[in-house]
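Working through the structure, step by step
One-letter residues, chain by chain:
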Amino acid sequence: MPDIQELFAHNRAWAARMERERPGFFTGLQQQQRPQYMWIGCSDSRVPANQITGLEPGEVFVHRNVANVVVHSDLNALSAIQFAVEMLKVRHIMVVGHYGCGGVQAALNDQRIGLADNWIRHIQNVRDRHRGILDNIAPERRNDTLVELNVIEQVVNVCVSTVLIDAWAKGQPVTVHGWAYGINDGLLQDLHMDVGGPDELEPQYRSAVRAVVDARR
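What comes next concerns the included structure. (Residues numbered from 1 in each chain as written. Predicted model: local features only at pLDDT ≥ 70, side-chain atom pairs only at ≥ 80, totals over all residues. Heavy atoms only, no water.)

**Here's the deal with the overall build of the chain**
This is how the line gets drawn: Elements are defined by DSSP. Helices are runs of H or I of four residues or more, strands are runs of E of two residues or more, and each kind is numbered from the N terminus. Burial classes follow relative accessibility: with a 1.4 Å probe on protein chains only, a residue under 20% of its type's maximum area counts as buried, one over 50% as exposed, and anything between as partly exposed. Two residues form a contact once any of their heavy atoms are found within 4.5 Å.
Helix and strand counts for the chain come out as 10 helices and five strands. C-alpha extents for the chain along the principal axes are approximately 55 × 50 × 30 Å. When burial is assessed residue by residue, the chain has 43% of its 217 residues classed as buried. A sequence separation of at least 24 residues applies to 61% of the contacts in the chain between residues at least 6 apart.

**Here we look at the packing of helix α8 (residues 139–159) against helix α10 (residues 198–215)**
We apply this condition: An axis is simply a line fitted to the C-alpha atoms; with a helix, the fit covers only the stretch in contact. Between two such axes, the angle follows the N-to-C directions and lies from 0 to 180 degrees. Reported orientations rely on four angle classes, namely roughly parallel under 35 degrees, roughly antiparallel over 145, roughly perpendicular from 65 to 115, and oblique for the rest. Amino acid classes used here: Ala, Val, Leu, Ile, Met, Phe, Trp, Tyr, Cys and Pro are nonpolar; Asp, Glu, Lys and Arg are charged; the rest, including Gly, are polar.
Interhelical geometry of α8 versus α10 gives an angle of 175° and a closest axis separation of 10 Å. One way to sum up the angle between α8 and α10 is to call them roughly antiparallel. Across the interface between the two elements, Arg 141, Thr 145, Glu 148, Leu 149, Ile 152, Glu 153, Val 156 and Cys 159 of α8 pack against Leu 201, Tyr 205, Ala 208, Val 209, Val 212 and Ala 215 of α10. A per-class count over the contact of α8 with α10 returns 10 nonpolar, one polar and three charged.

**Some details on the sheet that holds strand β1 (residues 37–42)**
What counts, and what does not: For two strands to be treated as a pair, DSSP must find no fewer than two bridges joining them.
Reading across from one edge, β2-β1-β3-β4-β5 is the order of the five strands in this open sheet, with mixed pairing throughout. The open sheet has two edge strands, β2 (60–65) and β5 (188–195), and neither has a second partner. This sheet shows a mean twist of 20° between the axes of neighbouring strands, independent of strand direction. Pairing of strand β3 (residues 92–98) with strand β4 (residues 175–181) involves seven bridges; the strand directions are parallel. From the neighbouring strand, Val 96 faces β4, where its bridge partner is Trp 179.

**Some thoughts on unusual backbone geometry**
Of note in the backbone geometry, Asn 68 takes a positive phi value of approximately 45° without being a glycine. Checked against the element boundaries, Asn 68 lands in the loop between β2 and α4 (75–87). Owing to a relative accessible area of 2%, Asn 68 belongs among the buried residues under this scheme. Unusually for a residue other than glycine, His 192 sits at a positive phi of about 55°. Note that His 192 resides in strand β5.

**Regarding a nonpolar patch on the surface**
How we decide: Residues forming no salt bridge and having over 30% relative accessible area are the ones grouped into patches, like charges within 9 Å of each other and nonpolar side chains (Val, Leu, Ile, Met, Phe, Trp, Tyr) within 5 Å. Note on areas: Shrake-Rupley with a 1.4 Å probe; residue coverage comes only from the protein chains shown. Just to be clear on terms, a salt bridge is a Lys or Arg side-chain nitrogen sitting within 4 Å of an Asp or Glu carboxyl oxygen.
A contiguous nonpolar surface patch, about 300 Å² in accessible area, is contributed by Ile 4, Leu 7 and Phe 8. Of the residues examined, Leu 7 reaches a relative accessible area of 44% and is grouped as partly exposed.

**Considering the packing of aromatic side chains**
Where we set the bar: Stacked, edge-to-face and tilted are the three classes for Phe, Tyr and Trp ring pairs, Trp counted by its six-membered ring, which pair at centre distances within 6.5 Å; planes under 30 degrees apart are stacked, over 60 edge-to-face, the rest tilted.
All chains considered together, the criterion is met by three aromatic pairs. With a centroid separation of 5.5 Å and an interplanar angle of 80°, the aromatic rings of Trp 14 and Phe 26 are classed as edge-to-face. Of the two residues, Trp 14 is situated in helix α1 (residues 4–21) and Phe 26 in helix α2 (residues 25–29); the sequence distance between them amounts to 12 residues. When its relative accessible area of 27% is taken as the criterion, Phe 26 is described as partly exposed. What links up through ring pairs into an aromatic cluster is the set Trp 14, Phe 25 and Phe 26.

**Details of the nonpolar core**
Cut-off, in case you're wondering: For this analysis, a nonpolar core means a set of buried residues of the types Ala, Val, Leu, Ile, Met, Phe, Trp, Tyr and Cys, connected via side-chain atoms within 4.5 Å.
Counting 52 residues, the largest nonpolar core has Met 38, Ile 81, Ile 93, Val 158, Leu 164, Val 176 and Met 193 as its most contacted members. With nine residues, the top contributor of residues to this core is α8. Judged by nonpolar contacts, the second largest core, of 10 residues, contains Val 47, Ala 49, Leu 55 and Val 60.

**Here's the deal with the side chain of Thr 145**
Here Thr 145 is to be found in helix α8. Those residues within four positions of Thr 145 in sequence are excluded, and the remaining contacts are Ile 133, Leu 134, Ile 137, Val 212 and Arg 216.

**Quick look at the pattern of salt bridges**
Within this structure, the stated rule accounts for 10 salt bridges. Here Arg 121 ties to Asp 128 by a salt bridge, and the two come within 2.9 Å at their closest N and O atoms. Among the salt bridges present, the one from Asp 128 reaches Arg 127, with a minimum N-O distance of 2.9 Å. Assessed through its relative accessible area of 34%, Asp 128 is described here as partly exposed. A relative accessible area of 4% means that Arg 127 is categorised as buried. Shared partners join several salt bridges into a network, and the residues in it are Asp 110, Arg 121, Arg 127, Asp 128 and Arg 131.

Shown next, in the form of structure tokens:
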């Protein structure tokens, strides 16, 4: 594990390499950011948004928290979404969970981990809502299933936020997507939860949940 001074050394080496290989790179970043994408993901250190998608700094606006949860009382998440949609005019919001998520595992098994138990309660609500699905799946596959169901439910929460409702009412083109990332293979999985307007939400939700169930049969 590198100490703090090593991190500064790595930073200076990286900055020098970038400027050498791509002169003017940092000057370009000083301009107003115009990302087309927002990533709402887990805080897990193994899930870096830019590297996974191959996007450069300045190309994706990122919000992360434990288990990629969007709660209507979380002003941090809502403020990030509002800034991305209204100020940056992003066209795509990706809600991205990951297989093997510790927060989802804790919610699934009622594990007590401390203060975060209050946050994980939101995922337990997803678990309880889909208890019928989870109980009919092999125990070793329930975590991955809840990861996917949690992503789908968080896409719903983004879509019914006042930010998206207002944006769609004004005709602003923005689509919310649900994905899951595999730490074991580095691949993103499309959960086919893509919503570009309020009329699409209900049919997309039903279809995406059904696809999760079908994939586990």
